[in-house]
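Overview (structure and organization)
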Amino acid sequence: MTTTIAALPDHNRLNDPLWQRLFHGYGHVITPLRYAGWVTDVETCGGEFFVRADLRDGTEVIIASEHSLPVDPAEVGGWTAVRQDVENPSTHTVLYDSTPTGPQRHHGTSLIPLMARIDGLDVHGRAPRLIVSATHTAPYGASHNQTAGIEGPATAVGRFSEWSWRLTGHEGYRRVWQRPEYEGYPMALFESAGHIATVRVTRSND
């Protein structure tokens, strides 16, 4: 099977409880970038935290909030994304700013516009474009299908995360199964009082 997700970072912090807490807590940000093919890490230097994705061309994307990322992702008030030179971070471009004073502040903490901006970068060897779809089936047999358009990999996996969160956080569903990340693109099954929802990500040419 072709690997669809980038490997975990290779360093000695993988067993550090703080790193694990941040990597798991910001999984909704990190996982889309990994499906885009980029090794993505949480930096914890000097008590400041940010997500870093290696674009494999001598540059990296740094994702933070108004300042450092808070330990609790629920406290994020918006996202900033900067593309910078790995060897010379002073050479950088601000890609996105949805913090309260940023030009994209109307997007708030939504992942989809952030990931769409990153997907739009001119990066060599980009990952395949993807489609997010959902099927809702009622106990009496009626089904409803919902499909997003063809999107970049980070945007699609970010949308998968937001659709899943909406089901569990607002519509009363519970997640009963999710495909392990190394078995392919994301797919999850949700249930609520006999109603079944399936959310999946597939390649646009499948």
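Before reading further, recall that the structure is shown in the block above.
In this report, the structure presented in the accompanying data block is examined. Every chain is numbered independently, its residues counted from 1 as its sequence is written. Totals for whole chains, interfaces and linings use every residue, but because this is a predicted model, local features are given only for residues with pLDDT of at least 70 and side-chain atom pairs only at 80 or more, for both listing and counting. With hydrogens and water stripped out, all remaining heavy atoms of the structure feed into the side-chain values.

1. What to know about the sheet that holds strand β8 (residues 174–178)
Under the convention used in this document: Should DSSP find at least two bridges between two strands, the strands are taken to pair. The way it works is that DSSP assigns letters per residue, a run of H or I at least four long becomes a helix, a run of E at least two long becomes a strand, and they are numbered from the N terminus. Structural elements are reduced to axes, namely lines fitted to C-alpha atoms, with helices fitted over the stretch in contact, and the angle between N-to-C directions of any two is expressed from 0 to 180 degrees.
With antiparallel pairing, the five strands of this open sheet are ordered in space as β7-β6-β10-β9-β8. For this open sheet the edge positions go to β7 (143–147) and β8, each flanked by a neighbour on one side alone. Strand-to-strand twist across the sheet, computed as the mean angle between neighbouring axes with direction ignored, equals 20°. Two strands pair when backbone bridges link them, and strand β6 (residues 130–137) and β7 are joined in this way by five bridges, in the antiparallel orientation. When the bridges of β7 are listed, Thr137 appears paired with Ser143.

2. Here's the deal with the environment of Ser110
How we decide: Each residue's exposure class comes from its accessible area (1.4 Å probe, protein chains only) as a fraction of the maximum for that residue type: buried when under 20%, exposed when over 50%, partly exposed otherwise. The criterion used for residue contact is that any of the two residues' heavy atoms lie within 4.5 Å. Two N or O atoms count as a polar contact when they lie within 3.5 Å, although within protein this holds only if one can serve as hydrogen donor and the other as acceptor, and sequence-adjacent residues are included solely when both atoms are side-chain atoms.
With respect to the helices and strands, the residue Ser110 is situated in the loop between β5 (92–97) and α3 (111–119). The partly exposed category is assigned to Ser110, whose relative accessible area is 21%. Those residues in contact with Ser110, other than ones at most four positions away along the chain, are Trp79, Tyr96 and Glu162. Side-chain polar atoms of Ser110 contact the side chain of Glu162, separated by 3.4 Å.

3. A look at the side chain of Thr155
As for its placement among the helices and strands, Thr155 is situated in helix α4 (residues 153–169). Judged by its relative accessible area of 6%, Thr155 is buried. There is a polar contact of 3.2 Å between the side chain of Thr155 and the backbone nitrogen of Ala116. Of the polar contacts made by the side chain of Thr155, one reaches the side chain of Asp119; its length is 2.6 Å. Apart from the residues within four sequence positions on either side, Thr155 is in contact with Ile112, Met115, Ala116 and Asp119.

4. Describing the pairing of strand β2 (residues 50–54)
Burial of β2 is one-sided: the residues Val51 and Ala53 facing one way are buried, the residues Phe50, Arg52 and Asp54 facing the other way are not. Two elements, strand β1 (residues 40–43) and β2, share four bridges in a ladder whose sense is antiparallel. Following the sheet pairing, Asp41 is matched in β2 by Arg52. Here β1 hands over to β2 after six residues, with Gly46 in that stretch at a positive phi of 60°. The sheet contact formed by β2 and strand β3 (residues 59–64) spans four bridges and is antiparallel. By the bridge assignment, Ala53 is partnered in β3 with Val61. Hairpin geometry of β2 and β3 is characterised by an intervening segment of four residues between the two adjacent antiparallel strands and by a positive phi of about 65° at Arg56.

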